[in-house]
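Chain by chain, the residues run as shown.
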Amino acid sequence: MQEFTTETVETDLLILGGGMAACGAAVEAAHWAKKNNMKVTLVDKAAMDRSGAVAMGLSAINQYVGLKDGENTIKDYCDYVRNDLMGVTREDLVANIARHVDSSVHLFEKWGLPIWKDDKGGYVHEGRWQLMINGESYKIIVAEAAKNALGTENIYERVFIVDPLMDGDRCVGAVGFSVRENKFYVFKAKAVLCSMGGAVGVFKPRSSGEGAGRAWYPPFNSGASAYFTIKAGAEMTCQEVRFIPVRFKDAYGPVGAWFLLFKSTATSALGGNYMVERRPELENWQPYGAVKPVPANLRNYLMMLDVMEGKGPIYMQTAEAIQRIASSEEDPKEAKKKLKELEAEAWEDFLDMTISQALLWAATNIQPEEAPSEIAAAEPYFIGSHSGASGAWVSGPKDLAPDNYFWGYEQMTTVKGLFAAGDASGASSHKFSSGSHAEGRIAGKAAIRFLVNEKHDGINYDEAIINGMKDAILKPLKTYEEAQSLSTQQDVNPGYILPKMFMLRMQKLMDEYAGGVTAQFTTSKPNLERALELLDLLREDSDLLGANDLHELMRCWENVHRSYQAESHVRAMLFREETRWPGYYFRTDTPTMDNENWSVFVNGAMDPASGEWTFKKVPIEHVFN
């Protein structure tokens, strides 16, 4: 095996990730660090210009409260988030983001993001909380501001972070490796801000083979945030909450613009509108079945009932929606002009963010103004920034957080010196891209305040432990080299398991036993217990992961990261003995919602030394009645 040099970087604040939350943290932390003569360093496994959930672009900003115009209140947004998650949300965290998110959006516009305007100069809304944008370059614009704030000399791209560095119960850095050259990195810091995204690829994707990389959420989000915070010993929350989006089938094009902007309807193959025909089912999920909008998981559930009764495929009636809007113009010439505008907007919606959907339409001869398109529920994802809620349990702000939700610094996990934002923080969903940026800003400012207020003398780095971590992280390269002569076929070898085979095995067991697509998102105690048995065997085999180059070494560790997210999810689902989110998952042995016993947060932590998990219930405290 080739030699790897070790490069040590010392800094005050270490930001891990390059997505929206990390960019927000970089802008804010750099501002306050400069005032206090401190150094901020950012590490990203990709390149910031195209890193994170907004990598391909976006056609809408999904969180804008509109406080300056009196459009909504912070309570309005908290009510929306609480209802959509069936009552399980940290209102202090959601409110803190909601009161800051508009300023992030205004910064985006200042930096050059084109936001749609109406004839009066106001923002064009897709829905109550969403703004339409020309967003193909959304991430590039936001990343440029972060890079300008930090300085390129403080940014390390194409470096994959594996493990936290700990000094007792305090996080004091991270280790990883370059995916471009033979370098092992040791980042020593007084505080660490984790914002490395959610997890995709834990479950078998609905699109297999060549379509596997089309996952709606970026396929390169591989559970690094969950792994990092779990391995640091942080308390995690809402690990049972996965998100299952309904998307255009096979290319995963989002449906939001069609439902909200075009006012389209979705129907069964028989033409029935499941949201109308199955409305009585919502009575079984009160009080949340009666709120508007209907929670996303319940909308999913009503659609799934049609599918399970054999009424599929499910279609988005795109042609009907476009024709209805165009025909609202009385002048035939204006109607024809309007139709052309709507056709362009329909295509642009995907060209801005999901190009594969536009390609699929073209490849299958679909004109959205003439024919409907199939939609389907995707595989489960772990994204605390969207309609999920999984992530680390973090401190709220002093002026909003109940006593047991506050421990000194906003967004700090239960591990001293370790902050989390974006998909890395839990129980504060529906922050999306703009809210993640705002939460990153909140975390970045709080982290600098931590650095100013706390003592940092005597931090200990055990070089023997660091050298051991280096050996363990690079081990797949050595394993592959030593065993490659044992077979003539690269992917079948008694001496190692390739990361792709490891991933397929994990996806299969999670799909079958933990409520994936082929199990119609259902599971039960016996199935979850079997999943844990198989995950334990998978964990044993992770010691035999093999990599023939740096790219495969990254894939090895991505899948180890995913396996920790998988285990925490299964254990949390097993602990919560109810079905609270039908449409995201359904426990056949506890098929109803139990507000008396389970209107609580499910929090868990893993002992990094033993690997043992402990779970507990944490009361839900309301900021707003």
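Okay, so let's go over this structure. Since the structure is predicted, the reported quantities are computational estimates derived from the model, not experimental observations. (Residues numbered from 1 in each chain as written. Predicted model: local features only at pLDDT ≥ 70, side-chain atom pairs only at ≥ 80, totals over all residues. Heavy atoms only, no water.)

### Details of the overall build of the protein
- In terms of regular secondary structure, the protein is built from 17 helices and 21 strands.
- The C-alpha atoms of the protein give 24 Å as radius of gyration, which agrees with the globular expectation for 625 residues (25 Å, within 12%).
- Split into buried and exposed, the 625 residues of the protein put 60% on the buried side.
- Counting only contacts in the protein whose residues sit at least 6 apart along the sequence, the fraction spanning at least 24 positions is 75%.
- Summed over all atoms, the accessible surface of the protein reaches about 24,100 Å², with 49% contributed by carbon and sulfur. (Helix = DSSP H or I, 4+ residues; strand = E, 2+ residues; numbered from the N terminus. Rg over C-alpha atoms; globule rule 2.2 N^0.38 Å. Buried < 20%, exposed > 50% of the residue type's maximum accessible area, 1.4 Å probe, protein only. Contact = heavy atoms within 4.5 Å. Areas by Shrake-Rupley, 256 points an atom, 1.4 Å probe, with all protein chains shown as cover.)

### Digging into helix H3 (residues 91–111)
- For H3, built from 21 residues, the straight-helix expectation of 30 Å at 1.5 Å per residue is met to within 8% by its first-to-last C-alpha distance of 30 Å.
- Gly112 lies just past H3 and shows a positive phi near 120 degrees. (Expected span 1.5 Å × (residues − 1).)

### Observations concerning the nonpolar core
- Residues Phe228, Ile375 and Met510 are the most contacted members of the largest nonpolar core, which totals 139 residues.
- For this core, the element with the most residues is helix H16 (residues 550–575), which contributes eleven residues.
- Apart from residues lying up to four places away in sequence, Met510 is in contact with Val202, Phe203, Gly515, Gly516, Leu535, Ala566, His569 and Val570.
- Core analysis: the next-biggest nonpolar cluster, separate from the first, contains 47 residues, Cys23, Val105, Phe108 and Met412 among them. (Core = buried A, V, L, I, M, F, W, Y, C linked by side-chain atoms within 4.5 Å.)

### A closer look at the pairing of strand S20 (residues 600–606)
- Counting buried residues along S20, six of its seven residues qualify, which places the element largely inside the surrounding structure.
- The pairing of strand S11 (residues 236–237) with S20 spans two bridges and is antiparallel. Residue pairing for S20: Met236 is matched across the bridge by Gly604.
- Where S20 and strand S21 (residues 613–619) come together, seven bridges link them in antiparallel fashion. For Phe601, the partnering residue across the bridge sits in S21 and is Val618.
- Connecting S20 to the antiparallel partner S21 that follows it, the hairpin turn spans six residues, and Gly611 within it adopts a positive phi of roughly 80 degrees. (Pairing = 2+ DSSP bridges.)

### What to know about a negative patch on the surface
- A contiguous patch of negative charge on the surface is contributed by Glu329, Glu330, Asp331, Glu334 and Glu341.
- Locating Asp331 in the fold gives a position in the loop between helix H9 (318–326) and helix H10 (332–351).
- We classify Asp331 as partly exposed; its relative accessible area is 39%. (Patch = residues over 30% accessible without salt bridge, like charges linked within 9 Å, V, L, I, M, F, W, Y side chains within 5 Å. Salt bridge = Lys/Arg side-chain N within 4 Å of Asp/Glu carboxyl O. Lys, Arg positive; Asp, Glu negative; His and termini not counted. Charge placed at Lys NZ, Arg CZ, Asp CG, Glu CD.)

### Considerations on the layout of surface pockets
- Put simply, the second largest pocket is a space of about 770 Å³.
- Surrounding the second largest pocket, 34 residues form its lining, Gly213, Pro219, Met503, Arg555 and Arg562 being those nearest its centre.
- Counting residues per element, the ones that place at least two in the lining of the second largest pocket are helix H14 (499–513) and H16.
- Sort the elements by how many residues they give to the lining of the second largest pocket and H16 lands first, with seven residues.
- Residue composition of the lining of the second largest pocket, by class: 15 nonpolar, seven polar and twelve charged. (1 Å grid on protein atoms, 1.4 Å probe; cavity = no way out; pocket = protein on both sides within 12 Å on 5 of 7 lines; lining within 4 Å. Points joined across faces, edges and corners; volume = space filled by probe spheres on them. Nonpolar A, V, L, I, M, F, W, Y, C, P; charged D, E, K, R; others polar.)

### What about the pattern of salt bridges?
- Per the stated rule, a full pass over the model turns up 35 salt bridges.
- The residue Arg82 makes a salt bridge to Glu91 at a minimum N-O spacing of 2.8 Å. Each member of the pair, Arg82 together with Glu91, is buried.
- A salt bridge links Arg530 to Glu533; the nearest nitrogen and oxygen atoms lie 2.9 Å apart. Here Arg530 and its partner Glu533 are both found in helix H15 (residues 525–541), three residues apart, which amounts to about one turn of the helix.
- Salt bridges here are not isolated pairs; linked through shared partners, they connect Lys75, Asp79, Arg82 and Glu91.

### Some words on the packing of H10 against helix H11 (residues 355–363)
- Remark: H10 packs on H11, axes separated minimally by 6 Å, with the N-to-C direction vectors making an angle of 130 degrees. Compared by their axis directions, H10 and H11 come out oblique. Packed against H10, whose contacting residues are Ala346, Trp347, Phe350 and Leu351, the element H11 presents Ile355, Gln357, Ala358, Trp361 and Ala362 at the interface.
- Along the lines of polarity and charge, the residues of the contact of H10 with H11 split into eight nonpolar, one polar and no charged. (Axes fitted to C-alpha atoms, helices over the stretch in contact; angles between N-to-C directions. Parallel < 35°, antiparallel > 145°, perpendicular 65-115°, else oblique.)

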